[in-house]
There are 2 protein chains.
Amino acid sequence: MASLSAERRGLGGGAPGCGPLIPPLSETARPLRQQIFDRVRAAGQIARVELAKELSISPASVTTLTSELIERGFLEEVRAPREADTGRGRPAVALGVRAAAHFVAGIKLSDREHTAVVVDFAGNLIAGEAISRQPGAMQLSDIVAASETLLDRVCAKAGLPRASLSAVGLGVPGFVDCPSGVVHWSPVLSDRHVPLAAAAAQRLGLPVHIDNDANLVTLAELWFGAGRRLSDFAVVTIEHGVGMGFVINHRIFRGSQGMGMELGHTKVQLDGALCRCGQRGCLEAYVADYALVREAQTALNLTHRENQSVGALLESLFDHAKAGNVAARSIFHRAGRYLALGLSNVVNLFDPELIILSGERMRYDYLYAEETLAEMQAMMLNTGRPAPRIETHAWGDLLWAHGAAALALHEVSDGLLCPPREMAAQ
Amino acid sequence: MASLSAERRGLGGGAPGCGPLIPPLSETARPLRQQIFDRVRAAGQIARVELAKELSISPASVTTLTSELIERGFLEEVRAPREADTGRGRPAVALGVRAAAHFVAGIKLSDREHTAVVVDFAGNLIAGEAISRQPGAMQLSDIVAASETLLDRVCAKAGLPRASLSAVGLGVPGFVDCPSGVVHWSPVLSDRHVPLAAAAAQRLGLPVHIDNDANLVTLAELWFGAGRRLSDFAVVTIEHGVGMGFVINHRIFRGSQGMGMELGHTKVQLDGALCRCGQRGCLEAYVADYALVREAQTALNLTHRENQSVGALLESLFDHAKAGNVAARSIFHRAGRYLALGLSNVVNLFDPELIILSGERMRYDYLYAEETLAEMQAMMLNTGRPAPRIETHAWGDLLWAHGAAALALHEVSDGLLCPPREMAAQ
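Only a predicted model underlies this, so the values are computations on that prediction, with no experimental measurement involved. (Residues numbered from 1 in each chain as written. Chains lettered and ligands numbered in written order. Predicted model: local features only at pLDDT ≥ 70, side-chain atom pairs only at ≥ 80, totals over all residues. Heavy atoms only, no water.)

> Explain the environment of A:Ala234 to me, and be specific about the residues and the numbers.
Residues and elements named next belong to chain A. Along the chain, the position of Ala 234 falls in strand β11 (residues 233-238). With relative accessibility at 0%, the residue Ala 234 sits in the buried group. Remark: the alpha-carbon pair of Ala 234 and Met 244, spanning 10 residues in sequence, is separated by 7.2 Å. (Helix = DSSP H or I, 4+ residues; strand = E, 2+ residues; numbered from the N terminus. Buried < 20%, exposed > 50% of the residue type's maximum accessible area, 1.4 Å probe, protein only.)

> Quick one: what's the story with helix α11 (residues 326-350) of chain A, residue by residue and with numbers?
The periodicity of an α-helix, 3.6 residues per turn, causes residues three or four positions apart to be oriented the same way. Residue and element names in this part refer to chain A. Between the first and last C-alpha of α11 there are 36 Å, a value that for 25 residues agrees with the 36 Å anticipated at 1.5 Å per step. N-cap assignment for α11: the residue whose side-chain oxygen lies 2.9 Å from the backbone N of Ala 327 is Asn 325. Positive backbone phi, at 50°, marks Asp 351, one or two positions downstream of α11. (Expected span 1.5 Å × (residues − 1). Polar contact = N/O pair within 3.5 Å; in protein donor to acceptor, adjacent residues only side chain to side chain.)

> Provide a residue-level description of the domain arrangement of chain A, including the pertinent values.
All names here are of chain A. For chain A, the assigned domains are domain 1 (2-100), domain 2 (102-219 + 399-417) and domain 3 (231-352 + 361-394). Here domain 1 packs against domain 2, burying approximately 1,400 Å² in sum over the two surfaces, 66% of which is carbon and sulfur. Inspection of the domain 1/domain 2 interface yields zero salt bridges. Where domain 1 meets domain 2, there are three residue pairs in polar contact (both at pLDDT 80 or more). Every element with two or more residues in the side of domain 1 that touches domain 2 is listed here: α1 (2-11) and α2 (30-43). (Domains from an automatic or database assignment. Buried area = accessible area lost by both parts, 1.4 Å probe. Salt bridge = Lys/Arg side-chain N within 4 Å of Asp/Glu carboxyl O.)

> Describe unusual backbone geometry, and please don't skip the residues or the numbers.
Not every positive phi belongs to a glycine, and A:Asn249 is a case in point at roughly 50°. With respect to the element layout, A:Asn249 can be found in the loop between β12 (242-248) and β13 (251-253). The backbone phi angle of B:His250 is positive, close to 70°, even though this residue is not glycine. Mapped onto the secondary structure, B:His250 falls in the loop between β12 (242-248) and β13 (251-253). The buried category is assigned to B:His250, whose relative accessible area is 10%.

> Lay out the packing of aromatic side chains in plain terms, naming residues and giving numbers.
Tallied over the full model, the rule gives 15 aromatic pairs over all chains. Seen from their ring centres, A:Phe246 and A:Phe350 are 4.7 Å apart, and the 50° between their planes marks the pair as tilted. Taken as a pair, A:Phe246 in strand β12 and A:Phe350 in helix α11 lie far apart in primary sequence, 104 residues in all. Taken individually, A:Phe246 and A:Phe350 each receive the classification buried, so the pair is uniform in this respect. By way of ring pairs, the aromatic residues A:Phe246, A:Phe253, A:Phe350, B:Phe246, B:Phe253 and B:Phe350 are connected into one cluster. Cation over ring: A:Arg41 sits above A:Trp223, and NZ or CZ is 3.9 Å from the ring centre. Lying over the aromatic face of A:Trp400, A:Lys108 brings its terminal NZ or CZ to 4.1 Å of the ring centre. (Phe/Tyr/Trp six-rings, centres within 6.5 Å; stacked < 30°, edge-to-face > 60°. Lys NZ or Arg CZ within 6 Å of the ring centre and 35° of its normal.)

> Account for the interface of chain B and chain A, naming residues and giving values.
Frequently, the measure chosen for interface size is the accessible area that the parts lose on association. In this complex, chain B contributes 64 residues to the contact, which on the side of chain A involves 63 residues. Together, the buried faces of chain B and chain A total about 5,500 Å²; carbon and sulfur atoms form 57% of this surface. For chain B, the biggest contributors to the area lost against chain A are B:Thr28, B:Leu270 and B:Leu349; these three give 13% of the whole. Joining chain B to chain A, the criterion identifies two salt bridges. A salt bridge links A:Asp271 to B:Arg337; the shortest N-O distance between them is 2.8 Å. On the surface where chain B and chain A come into contact, there are 40 residue pairs in polar contact (both at pLDDT 80 or more). For the side of chain B that touches chain A, the secondary-structure elements that each account for two or more residues are α2 (30-43), α3 (48-55), α4 (59-71), β8 (175-177), β12, α11 (326-350) and α12 (370-379) of chain B. No other element matches α11(B), which puts eight residues into the side of chain B that touches chain A. (Contact = heavy atoms within 4.5 Å.)

> Outline the pattern of salt bridges, supporting the account with residue identities and numerical values.
Oppositely charged side chains can form a pair if their charged atoms are brought close together. Residues and elements named next belong to chain A. All told, the structure shown has 40 salt bridges over all chains when counted by the stated rule. Across the salt bridge formed by Glu 375 and Arg 337, the nearest N and O atoms sit 2.9 Å from each other. Pair noted here: Glu 375 is in helix α12 (residues 370-379) and Arg 337 is in helix α11, with a separation of 38 residues, a long-range link. Taking relative accessible area as the criterion, Arg 337 reaches 18% and is therefore assigned buried. What you see here is one network of salt bridges that share partners, running through Glu 148, Asp 152, Arg 162 and Arg 203.

Here is the structure:
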């Protein structure tokens, strides 16, 4: 596998010092070239004529710009799948991302276990690994050390030296300032305002990009899931907390200053239920795991000394609800109504065509029951248009790590196609 | 003034039939060229070297692309203001939008009066006009006829024939589907799902673009106000209803499908106060004029037969609150708390650097009292960062019409710089 790494280094992709043989990319076409790369990446495979149609530009312009991207090793020509072949003349040729151009790692740090993947530039999984851990907040140095151990294990499994990676994406739950690389608060970190990206980059000797859970899932959908079909969609994650991600025109939107989309902490009741963020009336204080758990103790007549795991307690609550326990039912019913309210607010503000509900326990059907969707529709703006589609995607931790890898891929391709100091090289 | 119109026609701006002398704009640079135009337009005047710095491109690329825009008559060279002049060597030259390139009209239809302006391509006011009307919903044909009368009056005042306008922007309150030109509901229209843009375009013989109040104010800020300083900001309008507009990277964002940003109809209380949209718990049912008015009747001990105007009733309520009437105070106090909640939701979702509070009655200081802002901050995500700046801008109807003109300017420049079928011309 080491040859892959050598091959990658030979490409350089426009980075400083990549050799004088490939002329610099024409600067005036930079935004359009990036749009073309985004479209090819999203489509997986796409013919030049389709690209021209979708971007409303001439086939000649597409040929010029994609030639540059092929020359630089970002894209490659692939045989189009059989159904696109007319059977006449030359076989149809499509464009795809050149898988071997780069390798990146994605790491998801969470309360129960840390998971990691290595993927190629097209997002194909090369290797995955997980290590379990004791729940609880950790010191920065410990979490960076754990990341290094996990990264070395997954690299060994992938047969790639650590230095052959172009970047690492690191996902943590909590309030993450993606542009500055600072975690303002996370249940896995014992301190606030922690410069996690810089500390991890120093330890790993690689560029490190960080983001929160919900954005990771959204990036995974953008690169490998719904983004293949749609340019715009919303993701709502429901688990230990409630998160949101949003894609506009094939790109993730994190709010103007990089820390928006905190749907779980929008207020749905003045002076309402207490949230783990310390404020009152947050959506997640009615919908997230911990909100159900604290009422479950009342419904199931448990004392706080009966030490069940959150998962086991929710399983038990769900079983009681199915068996007809009125109190247990009312907990799910209320959570479903508040979820409907939160989703209707997403619709009224963002007007998405698709909302993906994502989480580990999405099988709790109160979350996507007919009544919940009907209630959401009743609280949406009455415009005569149909409600957005709602899809439910269950996720495991390995797929969250895949989202962290998508973050790294996103940063690598953006850095190569739109370098902040491209002008300096000219 | 007729010579202005002739001058404009001579330029053509890349429209079909503009003559063979000017070569077509290079297609691969289209998105960057549009970014350059947006920056110049937002800045008012900007030097080429500043453009290069802001867009991270070389001065050579800026010179190439701005030459094309000057050749086409979109931009022109202007003498930079005195303070930018170093006093040595050549006088500093900046770029600005070529004011005489196009003229557009903006019309605001509202319950009490209709207002209109004519502006040039740089947004300078050429003429303004208003006609009062009887309150109440109107038929489509009547509202189109009223628009025509008003347009002809403001054109006469501007000394421009109607045909010399490049487009008309038309603003109405309510649920407006901007891309399709359909008004799904408006207090000024007696029917739902009305194809207002198409009907007005047919009657006026000009391209007509429609949008709702809040987006008009946002476009006015983008073209003539806060957009001169900032690439991203939010606008919240508080008046007969509560609206919102949002600017990302110098462009207005209306939601994925064009009908988002309905902050006034996000739910802040499950099964809450009745909203004029027919649903319960909407933010505007706690904050807008009509929400205050219905409680004012209780606080001031009025019967519904005492027929005061909304304005007079609110003035009276405000006077009573200032004089110490506890019930009147509590109305403003509650509205302020719900406004704080709504603003904190805007911050938690969109993370803006600036929120502009805009409306006719912004002098009711409960809306921007210290306590309201403190409450907003208490409901914001605790990230250790400062709260966004809040500015309060009072608006008159003529300035809403200016926003409608900004809509027309936006559509004209987008149509010229990014025509959907530019490829067909090559």
